[in-house]
Amino acid sequence: MTSRTGPAPRIDLHAHSTASDGTLSPAELVRAGADAGLDVLAITDHDTTAGWAPAVRALSPGLRLIRGAELSCHWSGAHPPVPLHLLAYLFDPEHPELVAELARVRAAREERGERIVALLRADGIDVSWPDILSGAGGGTVGRPHIAQALIRAGLVASTREAFGPDWLGERYRLPKEDIDVFRAVRLVRAAGGVPVFAHPRATRRGRVVPDELIAELAAAGLAGLEADHEDHSPAEQAHVRALAAELGLLVTGSSDFHGTHKSVQLGAFTTGVEAYERIVAAGVTEVASG
Ligand code: AMP
Ligand code: FE
Ligand code: FE
Ligand code: ZN
């Protein structure tokens, strides 16, 4: 893809569907990407590739789809471990070790969701685990689905409020049994994929990892850093760009679209062609087109 003559292509490399905690089905997500004027969209549901096939089937000419996922990880160099997200692009979805690890994390998410609901119920809050599970519709379960139950029960007014300290942000927050980030980087590479650290400096989400850890991850096979993201301040974006330049990593920008679970829109942040081409060159799976 070149942009020497026309306008720069619009490339959004991070979006969620109902295969995890987005609100558009994979097919609707792809159609929304086309409607938003994107040239490239990545589907990156949490810990699953279940949205890939329906997303590919819904592609129309003019939109390319990068098949990916967002892996739930932790860095154990701090106490308690720091949770973090690793985007993985264009990997083999049948790589046995990666498939097993994603299945393990999804099962652990269900078990953790059920425990969060038990904590809420012990405090007299009437939310139902079967309702929440069915609200997730078979997709990877996360706190946004519990947030919806709190909204339905009239206990909070918005997802944002549900993620506040009185609710799922702190009081009723439990850790996930996720993947050690070094193991995740190696697994993604072993599966032929391209690992990119999602929103690495998003201090508004909680603790972040030190730059030294990012340098170690780069040495272990990390390919890039997501710099332009709504959870990064302009100073945090600039810091991530500078760190990427120092470490020779590619830089992405993405919306992290979640449908109506968040207010950000597709294409709100985008990735340059050069980074896109580096990802495509490094991945084992083809970019899908309509
Ligand atoms: P979990 O993966 O279950 O720990 O839930 C984390 C997910 O919740 C993230 O991937 C976001 O989609 C969503 N999330 C986190 N913080 C917020 C927030 N303040 N408002 C809305 N959604 C959020
Ligand atoms: Fe999410
Ligand atoms: Fe994320
Ligand atoms: Zn995301």
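Residues numbered from 1 in each chain as written. Chains lettered and ligands numbered in written order. Predicted model: local features only at pLDDT ≥ 70, side-chain atom pairs only at ≥ 80, totals over all residues. Heavy atoms only, no water.

Participant: Is there a simple way to explain the pattern of salt bridges in this structure?
Facilitator: Where charged atoms from two side chains of opposite charge come close, those side chains can pair. Tallied over the full model, the rule gives 12 salt bridges. Of the charged contacts in the structure, one is a salt bridge between aspartate 211 and arginine 201, with a shortest N-O distance of 2.9 Å. Highlighted residues: aspartate 211 in helix α8 (residues 211–220) and arginine 201 in the loop between β6 (194–197) and α8, separated in sequence by 10 residues. A salt bridge links aspartate 256 to arginine 205; its shortest N-O distance comes to 3.4 Å. Of this pair, aspartate 256 sits in the loop between β8 (250–253) and α10 (273–282) while arginine 205 sits in the loop between β6 and α8; the two residues are 51 residues apart in sequence, bridging distant segments of the chain. (Salt bridge = Lys/Arg side-chain N within 4 Å of Asp/Glu carboxyl O. Helix = DSSP H or I, 4+ residues; strand = E, 2+ residues; numbered from the N terminus.)

Participant: Mind showing me how you'd approach the coordination of the iron ion (ligand 2) here?
Facilitator: Geometrically, a metal with four donors at the corners of a regular tetrahedron has ideal angles of 109.5 degrees, and one with six donors at the corners of a regular octahedron has ideal angles of 90 or 180 degrees. The coordination sphere of the iron ion (ligand 2) contains the protein donors Asp21 (OD), Asp21 (OD), His46 (NE2) and His258 (NE2), at a distance range of 2.1 to 2.8 Å. Coordination at the iron ion (ligand 2) is irregular, judged from the 6 donor atoms that bind it and the angles of 50 to 157 degrees they form at the metal. Considered as a linear motif, the donors of the iron ion (ligand 2) on their single chain read D-x24-H-x211-H. Taken as a pair, the iron ion (ligand 2) and the iron ion (ligand 3) show a spacing of 5.7 Å. One end of the pair, histidine 46, is in strand β2 (residues 40–46); the other, histidine 258, is in the loop between β8 and α10, with 212 residues separating them in the sequence. (Donors = N, O, S within 2.8 Å, 3.2 Å for Na, K, Ca; no water. Tetrahedral: all angles 85-135°; square planar, octahedral: opposite > 155°, others 65-115°.)

Participant: Sorry if this is basic, but what is going on with the nonpolar core here?
Facilitator: One finds Leu71, Trp75 and Leu225 to be the most contacted residues of the largest nonpolar core, which totals 51 residues. The contact partners of leucine 71, leaving out residues within four places of it in the chain, are Asp47, Leu84, His85, Leu86, Ala88, Leu98, Leu102, Ile179, Ala184 and Val188. With 19 residues, the next largest nonpolar core counts Val117, Trp129, Ile146 and Ala149 among its residues. (Core = buried A, V, L, I, M, F, W, Y, C linked by side-chain atoms within 4.5 Å. Buried < 20%, exposed > 50% of the residue type's maximum accessible area, 1.4 Å probe, protein only. Contact = heavy atoms within 4.5 Å.)

Participant: I tried to follow the coordination of the iron ion (ligand 3) on my own but got confused; where do I start?
Facilitator: Surrounding the iron ion (ligand 3) are the protein donor atoms Glu70 (OE), His85 (ND1) and His199 (NE2), at 2.0 to 2.2 Å. On the primary sequence, the residues serving as donors to the iron ion (ligand 3) are separated as E-x14-H-x113-H.

Participant: Where do I start with α8 in this structure?
Facilitator: Side chains three or four residues apart in an α-helix point the same way, a direct result of the helix having 3.6 residues per turn. Looking at α8, one finds that the buried residues are Asp211, Leu213, Ile214, Leu217 and Ala218. Seen along its axis, α8 keeps its buried residues to an arc of 155 degrees; they face one direction. Exposed side chains of α8 directed beyond 90 degrees from the buried face belong to Glu212 and Ala219. For α8, the secondary structure elements touched by its buried residues are β3 (64–75), α7 (181–190), β6, β7 (224–228) and α9 (234–247). In the stretch just after α8, glycine 221 is the one whose phi turns positive, near 125 degrees. (Arc of directions from axis to C-beta.)

Participant: Even after reading the chapter, I still don't get the UniProt feature "domain: Polymerase/histidinol phosphatase N-terminal" (unreviewed entry) in the protein, so can you show me in this structure?
Facilitator: As annotated in UniProt, the feature "domain: Polymerase/histidinol phosphatase N-terminal" (unreviewed entry) corresponds to residues 11–75 in the numbering used here. Between the C-alpha atoms that bound residues 11–75 the distance is 29 Å, and the span itself is 25% helix and 32% strand. (UniProt positions renumbered as here; feature names shortened; annotations may be inferred.)

Participant: I would appreciate a short explanation of the site of ligand 1 in the present structure.
Facilitator: Residues in contact with ligand 1 amount to 14 residues; listed here are only the nearest, His46, Arg112, Arg143, Lys176 and His258. Lysine 176 has a polar side-chain atom sitting 2.9 Å from an oxygen atom of ligand 1. When isolated, ligand 1 has an accessible area of 500 Å², and the protein chains bury 84% of it. Those elements that place two or more of their residues in the shell around ligand 1 are α3 (96–122) and α5 (143–152). (Near = heavy atom within 4 Å. Polar contact = N/O pair within 3.5 Å; in protein donor to acceptor, adjacent residues only side chain to side chain. Areas by Shrake-Rupley, 256 points an atom, 1.4 Å probe, with all protein chains shown as cover.)

Participant: I would appreciate a short explanation of the pairing of β2 in the present structure.
Facilitator: Within a regular beta strand, the side chains point alternately toward one face of the sheet and then the other, so they alternate between its two faces. When you tally the buried positions in β2, you get 7 out of 7 residues, the bulk of the element. Of the two faces of β2, the one holding Val40, Ala42, Thr44 and His46 and the one holding Leu41, Ile43 and Asp45 are both buried throughout. Bridging between strand β1 (residues 11–12) and β2 involves 2 bridges; their strand directions are parallel. Bridge pairing in β2 links aspartate 12 to leucine 41. Crossover connection from β1 via helix α1 (residues 26–35) to parallel β2: handedness right-handed. (Pairing = 2+ DSSP bridges. Right-handed = clockwise from strand over helix to strand, strands pointing away.)

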